[in-house]
Amino acid sequence: VAVGEPPTAPRKPQSQPASASLYPHAMNHISSMLEGSLDEDVVDRVVEAFLQQWPRRLAALKKAIEETDTQTLRQIVHTLEGAVPYFGIEKLNEALRALQQHVRAANIAGASAGLPELARLVAELEASRNRHHAPRSA
């Protein structure tokens, strides 16, 4: 190593999965958290259950924002706090954390502005899952 040069290059942070791989990433993360004790079908049902409940939760979030109902917002966000981190998708976690901060501060405008990003990322997860389950052509 020459004088003035760093001894090693800094490590790059682990990259986030591309949209197409959000679902496999979530599956791997959930499975690793459970120490691989469940088969893929069981883990998939966890993701599927979240995605099936999402439209109702999203509608409730939008309604609570529209009605400035901070109590309902807090309840829904609290429920999401119990599910979203299990997917291990940092972009999704960041969007939820941003929404949490606005809700905790009773910042309805901020919550309203942050909700589309969370919804977009959940839609990406669902699209990735759908691609994963799409029948493969021969």
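Look above for the structure.
So, here's what we can say about the structure. (Residues numbered from 1 in each chain as written. Predicted model: local features only at pLDDT ≥ 70, side-chain atom pairs only at ≥ 80, totals over all residues. Heavy atoms only, no water.)

What follows deals with the overall build of the chain. Secondary structure assignment for the chain yields five helices and zero strands. When the elements of the chain are put in sequence order from the N terminus, they spell out α-α-α-α-α. The buried share among the 138 residues of the chain stands at 33%. For the chain, contacts bridging at least 24 residues in sequence account for 65% of all contacts bridging at least 6. (Helix = DSSP H or I, 4+ residues; strand = E, 2+ residues; numbered from the N terminus. Buried < 20%, exposed > 50% of the residue type's maximum accessible area, 1.4 Å probe, protein only. Contact = heavy atoms within 4.5 Å.)

This part is about unusual backbone geometry. For residues besides glycine, phi is generally negative; the peptide bonds are generally trans as well. With phi around 55 degrees, T68 is a residue other than glycine that occupies positive phi space. One can find T68 in the loop between α2 (40–66) and α3 (70–81). For A106, which is not a glycine, the phi torsion comes out positive at approximately 55 degrees. With respect to the helices, strands and loops of the structure, A106 is situated in the loop between α4 (90–104) and α5 (108–133). Overall, A106 belongs to the partly exposed group, its relative accessible area being 42%.

Glancing now at the pattern of salt bridges. Oppositely charged side chains can form a pair if their charged atoms are brought close together. Considering all chains together, one arrives at six salt bridges under this definition. In this structure, R104 engages E81 in a salt bridge whose closest nitrogen and oxygen atoms are separated by 2.7 Å. Of this pair, R104 sits in helix α4 while E81 sits in helix α3, and the two are 23 residues apart along the sequence. Here R104 falls in the exposed class, since its relative accessible area comes to 56%. Owing to a relative accessible area of 23%, E81 belongs among the partly exposed residues under this scheme. (Salt bridge = Lys/Arg side-chain N within 4 Å of Asp/Glu carboxyl O.)

This part covers the environment of A95. In this fold, A95 is placed in helix α4. Looking at A95, the relative accessible area reads 9%, which means it is buried. Along the backbone, A95 and G114 are 19 residues apart, and their C-alpha atoms lie at a distance of 7.1 Å. The contact partners of A95, leaving out residues within four places of it in the chain, are E117, L118 and L121.

With that settled, consider the packing of α4 against α5. With their axes 9 Å apart at the nearest point, α4 and α5 run at an angle of 160 degrees to one another. Of the possible angle classes, the one that applies to α4 and α5 is roughly antiparallel. The chirality of how α4 crosses α5 is left-handed. Judged by residue contacts, K91, L92, A95, L96, L99, H102 and V103 of α4 engage G110, A111, L115, E117, L118, L121, V122 and E124 from α5. For the contact of α4 with α5, the per-class residue count stands at 10 nonpolar, two polar and three charged. (Axes fitted to C-alpha atoms, helices over the stretch in contact; angles between N-to-C directions. Parallel < 35°, antiparallel > 145°, perpendicular 65-115°, else oblique. Left-handed = near helix turned anticlockwise from the far one by under 90°. Nonpolar A, V, L, I, M, F, W, Y, C, P; charged D, E, K, R; others polar.)

Another point: the environment of H29. Locating H29 in the fold gives a position in helix α1 (residues 22–33). Placed 58 residues apart in sequence, H29 and F87 show a C-alpha to C-alpha distance of 6.1 Å. Those residues in contact with H29, other than ones at most four positions away along the chain, are P85, Y86, F87 and G88. Within the structure, the side chain of H29 is placed 2.9 Å from the backbone oxygen of Y86, a separation counted as a polar contact. (Polar contact = N/O pair within 3.5 Å; in protein donor to acceptor, adjacent residues only side chain to side chain.)

In short, shape yes, function no, at least from these values alone.
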